[in-house]
Amino acid sequence: MTPPNLSAHFWQNHSGEFIALWTSGELAYALFDTGLITTSLEDGTYPALSPKHPGAAWFEKLGQDLNGHKASGVTHANTAIEHFLSPNGTAPWPEFRPAPGDGVHQMAVGPIHAGIIEPGHFRFSIIGEKVLKLEARLGYTHKGTLALMRGKSPRNAARFAARISGDATVAHSLAFAHATEAALGLTPPPRAVHLRAVMAELERMANHTSDIGAIAGDAGFAFLDARFAWHRESLCAAASAAFGHRLMMDMVIPGGIAGDIKTGGADAIRRTLDALETELPGLTRVFEDYASLQDRLVGTGHIGTHLAARYAAGGVTGRASGRQTDARINPGYAPYELMELSVPVETEGDVAARVKIRLAELAESYRMIRTLLNHLPDGQIALAPPATSGMGLGVAESFRGPVWHWLNIDTGLITDIFLADASTLHWPLVEHAACTSIIADFPLINKSVNASYSGVDL
Amino acid sequence: MVWSTLAQHLLTKPRAPREAGHSTAAALAERLQNLSNEKLGRSLAIRHVDAGSCNGCELELRAIQNMVYDLTQYGLSFTPSPRHADVLLITGVAARNMAEALRQTRAAMPDPVFTIAVGDCAVDGGVFKGSPAITGGADSILTVDLMISGCPPTPGQIIDGLLSLIEAHTGGK
């Protein structure tokens with residue numbers, strides 16, 4: 001695979017939905033839904049894409065912070081992960097410009113939050129309770145993951161791919177495996193492909209159940225939180241019984257999977273799905289019946305269809321804002337072409353819509369897991385990746401949206417890699433959505449999008 | 001009417017099986033009952049700080065609060081304020097960008113403070129060991145009293161570790 005090298009003019013005017021941008025060696029790469037393109041770096045700079053595609057801004061900052069490559073013609077100032085630490089470990093605050101107006105004040109939250117979540121700083125401009133502006137400062141969990149993956153074989157680097165974002169460990173491992181397999185021309189055995197899908201759907205269900213519960217819990221419905229947390233726990237226990245790890249970390253590897261499903265594992269999964277299916281209609285009814293819950297969720301954290309399209313939002317966030325998009329279908333990967341997957345879409349774009357999408361996806365996931373378990377092909381579970389060379393691009397639909405991995409392999413070792421979690425395009429949408437509601441609704445909005453911090457800090 | 005409603009309820013709402021990790025939770029509860037808690041009075045407030053994790057450990061920290069593991073039955077609970085906390089629980093690598101925030105959290109806590117590193121990353125940097133963006137595990141920033149390894153440790157392992165801390169400080173059996 002050799003992507004086309006475009007002149008600055010054609011690079012900037014390439015049409016399509018923007019997905020990701022990165023630099024490597026002497027080239028800048030941009031991934032659109034229409035394909036991968038490159039342009040040559042001149043003195044370490046390339047023409048910015050953010051004036052036309054606002055989602056590119058974070059990637060441009062990241063390219064500068066990681067590789068020192070500048071985008072020319074940018075309008076954004078702050079950095080992505082660079083905090084300019086002084087030798088004693090302290091860092092200056094970047095300039096946060098408050099929204100204009102009388103009586104507007106700033107509210108600083110984080111990097112450490114009240115709950116058990118990842119670190120990130122939020123700077124709100126508020127007047128009374130109304131949020132006028134939100135800026136997120138991330139980069140706190142930067143671990144240098146991409147640099148650690150370079151120079152390693154795909155099998156060794158898979159351990160890092162599994163730890164990009166722990167809640168989407170299967171999806172990231174899968175996207176990494178897809179990229180490696182594309183680069184090396186490897187086709188994993190059918191049994192591995194089926195079991196990968198079982199794991200990916202289990203992961204989706206575990207995250208959706210806990211997200212739905214957490215949103216309801218934030219709106220004061222502790223009962224729903226408790227019940228959904230119980231189902232999440234059952235799903236993790238079933239994953240452990242079937243694959244030996246509660247989050248199924250390190251199970252998906254380039255060439256296949258690391259271990260076969262255990263004896264009794266399929267039944268443990270089926271029992272869990274049955275219990276959820278039995279209780280789900282009752283729990284869904286609580287969402288529909290209680291005015292006080294509806295009052296908190298409907299109209300809150302609105303992301304319009306136009307805004308979602310401008311950022312090419314994927315996953316739950318995109319589908320709740322009218323975008324019929326799912327990486328399992330488009331571009332698609334095995335075995336979903338056999339699954340007759342139906343993709344739920346809502347147009348309201350609020351927290352309630354994102355809950356509805358999650359509820360609908362739960363039903364779709366347990367249907368597919370049952371089908372997959374009933375028709376597991378026999379045979380091997382993994383092939384060894386050959387020590388050859390190539391460039392590969394891989395995608396997997398995580399519970400929050402598509403994750404893309406790109407890599408270059410030279411005689412069996414990774415020379416360069418980049419990856420984009422769906423959260424990178426979702427964080428700007430969180431910033432926009434916060435401004436449609438009052439400050440007290442921000443936890444609901446943040447949870448309803450559930451963007452990863454680790455997944456963008458890398 | 002009453003009887004038909006009652007019958008309907010009995011028929012349509014079977015009690016969900018509590019099989020998830022139940023035996024581990026039961027064993028842990030038994031251990032606590034055998035414990036003398038003179039010094040801590042069965043109450044310990046935990047302030048959690050993610051110093052650079054992949055969020056896997058956070059998922060399991062949330063899981064120890066669900067109704068299967070039910071952390072509060074052991075007198076343990078999470079608190080948002082470091083001022084109210086007895087335990088500083090750290091997950092993730094010691095990311096350079098989080099070092100200052102972590103030190104400030106420790107400084108805001110009243111002594112004595114028990115510091116616990118949860119997960120392989122907090123223990124020694126885990127798979128990220130040697131990265132220039134991190135300084136290693138939690139003990140590269142603060143003195144750590146207890147380490148709970150695992151990637152991520154299971155809820156049972158985390159509660160087991162927390163109870164060990166109580167045992168150690170009560171001269172427990």
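Residues numbered from 1 in each chain as written. Chains lettered and ligands numbered in written order. Predicted model: local features only at pLDDT ≥ 70, side-chain atom pairs only at ≥ 80, totals over all residues. Heavy atoms only, no water.

Undergrad: Mind showing me how you'd approach the overall build of chain B here?
TA: Broken down by element type, chain B carries six helices and five strands. Helices and strands appear in chain B in the N-to-C order α-α-β-α-β-β-α-β-α-β-α. Put simply, of all contacts in chain B between residues at least 6 apart along the chain, 81% involve residues at least 24 apart. Carbon and sulfur atoms provide 54% of the accessible area of chain B, an area that totals close to 7900 Å². (Helix = DSSP H or I, 4+ residues; strand = E, 2+ residues; numbered from the N terminus. Contact = heavy atoms within 4.5 Å. Areas by Shrake-Rupley, 256 points an atom, 1.4 Å probe, with all protein chains shown as cover.)

Undergrad: Sorry if this is basic, but what is going on with the packing of helix α6 (residues 190-218) of chain A against helix α8 (residues 265-289) of chain A here?
TA: Helix packing geometry: the angle between the two helix axes and the distance between the axes. Residue and element names in this part refer to chain A. Between α6 and α8, the least distance of the axes is 13 Å, while the angle of their chain directions is 30 degrees. Comparing their axes, α8 and α6 come out roughly parallel. Helix-helix and strand crossings are classified by hand; for α6 and α8 the assignment is left-handed. Along the contact surface, α6 presents Val198, Leu202, Met205, Thr209, Ile212 and Ala216, while α8 presents Ile269, Leu273, Leu276 and Phe287. Considering only residue class, the contact of α6 with α8 consists of nine nonpolar, one polar and no charged. (Axes fitted to C-alpha atoms, helices over the stretch in contact; angles between N-to-C directions. Parallel < 35°, antiparallel > 145°, perpendicular 65-115°, else oblique. Left-handed = near helix turned anticlockwise from the far one by under 90°. Nonpolar A, V, L, I, M, F, W, Y, C, P; charged D, E, K, R; others polar.)

Undergrad: What should I look at first to understand the domain arrangement of chain A in this one?
TA: Interface extent is often summarised as the accessible area lost during association of the parts. Residues and elements named next belong to chain A. For chain A, the assigned domains read domain 1 (8-72) and domain 2 (145-457). On the side of domain 2, 15 residues touch domain 1, which itself brings 18 residues to the contact. When domain 1 packs against domain 2, close to 1500 Å² is buried across both sides, 71% of that on carbon and sulfur atoms. Considering only the surface of domain 1 that becomes buried against domain 2, Trp22, Pro54 and Trp58 emerge as the three largest contributors, covering 31% of it. Scanning the region where domain 1 abuts domain 2 turns up one salt bridge. The closest approach of N and O atoms between arginine 323 and glutamate 17, which form a salt bridge, is 2.9 Å. At the junction of domain 1 and domain 2, the tally comes to two residue pairs in polar contact (both at pLDDT 80 or more). Of all the secondary-structure elements, those providing two or more residues to the side of domain 1 that touches domain 2 are β1 (18-24), β2 (27-32) and α2 (56-67). Top element by residues in the side of domain 1 that touches domain 2 is β1. It accounts for seven residues. Tallied by class, the residues present in the side of domain 1 that touches domain 2 amount to 13 nonpolar, three polar and two charged. (Domains from an automatic or database assignment. Buried area = accessible area lost by both parts, 1.4 Å probe. Salt bridge = Lys/Arg side-chain N within 4 Å of Asp/Glu carboxyl O. Polar contact = N/O pair within 3.5 Å; in protein donor to acceptor, adjacent residues only side chain to side chain.)

Undergrad: Is there a simple way to think about the sheet that holds strand β7 (residues 121-127) of chain A in this case?
TA: Note: strands within a sheet are paired through backbone hydrogen bonds, in either parallel or antiparallel orientation. Residues and elements named next belong to chain A. The antiparallel open sheet is built from three strands, whose spatial order is β6-β7-β8. Of all the strands in the sheet, the pair left with one neighbour each is β6 (105-109) and β8 (130-137). Adjacent strand axes in the sheet meet at a mean angle of 20 degrees when their direction is disregarded. Summarising the sheet, β7 and β8 pair through seven bridges and their orientation is antiparallel. (Pairing = 2+ DSSP bridges.)

Undergrad: For this particular structure, what's the right way to read the nonpolar core?
TA: For soluble globular proteins, the rule of thumb is that nonpolar side chains tend to be buried together. Residues Phe243, Ile269 and Phe287 of chain A are the most contacted members of the largest nonpolar core, which totals 161 residues. At twelve residues, α6 of chain A tops the list of elements feeding residues into this core. For this core, the domains that each give at least three residues are domain 1 (8-72) and domain 2 (145-457) of chain A. In this view, phenylalanine 287 of chain A contacts Ile212, Ala216, Leu224, Phe228, Leu293, Gln294, Leu297, Val355 and Leu359 of chain A; residues no more than four positions away in its chain are not counted. With 25 residues, the next largest nonpolar core counts Leu44, Tyr69, Ile159 and Leu162 of chain B among its residues. (Core = buried A, V, L, I, M, F, W, Y, C linked by side-chain atoms within 4.5 Å. Buried < 20%, exposed > 50% of the residue type's maximum accessible area, 1.4 Å probe, protein only.)

Undergrad: Where do I start with the side chain of arginine 227 of chain A in this structure?
TA: Residues and elements named next belong to chain A. Mapping arginine 227 onto the fold places it in helix α7 (residues 222-243). Residue class for arginine 227 comes out buried when judged on its relative accessible area of 14%. A polar contact is formed between the side chain of arginine 227 and the side chain of glutamate 279, at a distance of 2.7 Å.

Undergrad: What should I look at first to understand the packing of aromatic side chains in this one?
TA: Given two aromatic rings, one states the distance between the centres and the angle between the planes to describe the pair. Residue and element names in this part refer to chain A. Counted according to the given criterion, the structure contains 18 aromatic pairs over all chains. Here the aromatic rings of tryptophan 11 and tyrosine 46 are separated by 6.3 Å at their centres, their planes lie at 85 degrees, and the arrangement is edge-to-face. Here tyrosine 46 lies in strand β4 (residues 45-47) and tryptophan 11 lies in helix α1 (residues 8-12), a separation of 35 residues in the sequence. Neither residue differs from the other here; tryptophan 11 and tyrosine 46 are each classed as buried. Where phenylalanine 18 meets phenylalanine 32, the ring centres are 5.9 Å apart and the plane angle is 85 degrees; that geometry is what we call edge-to-face. Here phenylalanine 18, found in strand β1, pairs with phenylalanine 32, found in strand β2; they are 14 residues apart in sequence, far enough to count as distant. With respect to burial, phenylalanine 18 and phenylalanine 32 carry one shared label: buried. Through successive ring pairs, a cluster of aromatic residues spans Phe18, Trp22, Tyr29, Phe32, Phe59, Trp406 and Phe418. The lysine or arginine in question, arginine 123, covers the ring of tryptophan 93, its NZ or CZ lying 5.5 Å from the ring centre. (Phe/Tyr/Trp six-rings, centres within 6.5 Å; stacked < 30°, edge-to-face > 60°. Lys NZ or Arg CZ within 6 Å of the ring centre and 35° of its normal.)

Undergrad: What is the right way to read the interface of chain A and chain B from this model?
TA: Facing the 48 residues of chain A at the interface are 45 residues of chain B. Summed over both partners, the interface of chain A with chain B comes to about 3700 Å²; 63% of that surface belongs to carbon and sulfur atoms. Considering only the surface of chain A that becomes buried against chain B, Ile116, Lys143 and Trp230 of chain A emerge as the three largest contributors, covering 20% of it. For the interface between chain A and chain B, the tally reads one salt bridge. Between glutamate 60 of chain B and arginine 246 of chain A there is a salt bridge, with the nearest N and O atoms lying 2.6 Å from each other. Here chain A is connected to chain B by 15 residue pairs in polar contact (both at pLDDT 80 or more). Among the elements of the structure, α3 (145-149), α4 (154-161), α6 and α7 of chain A are those that each provide at least two residues to the side of chain A that touches chain B. The element contributing the most residues to the side of chain A that touches chain B is α7 of chain A, with nine residues.

Undergrad: Hey, could you run me through the pattern of salt bridges in this one?
TA: Opposite charge on two side chains lets them pair, provided their charged atoms get close. Residues and elements named next belong to chain A. The final tally for this structure, using the stated rule, is 28 salt bridges over all chains. In this structure, arginine 367 and glutamate 364 form a salt bridge, with 2.7 Å as the shortest nitrogen-oxygen distance. Taken as a pair, arginine 367 and glutamate 364 lie in helix α13 (residues 351-374) at a separation of three residues, close to a single helical turn. Among the ionic contacts, a cluster of salt bridges with common partners joins Glu201, Arg204, Arg319, Asp326, Arg328, Glu361 and Glu397.

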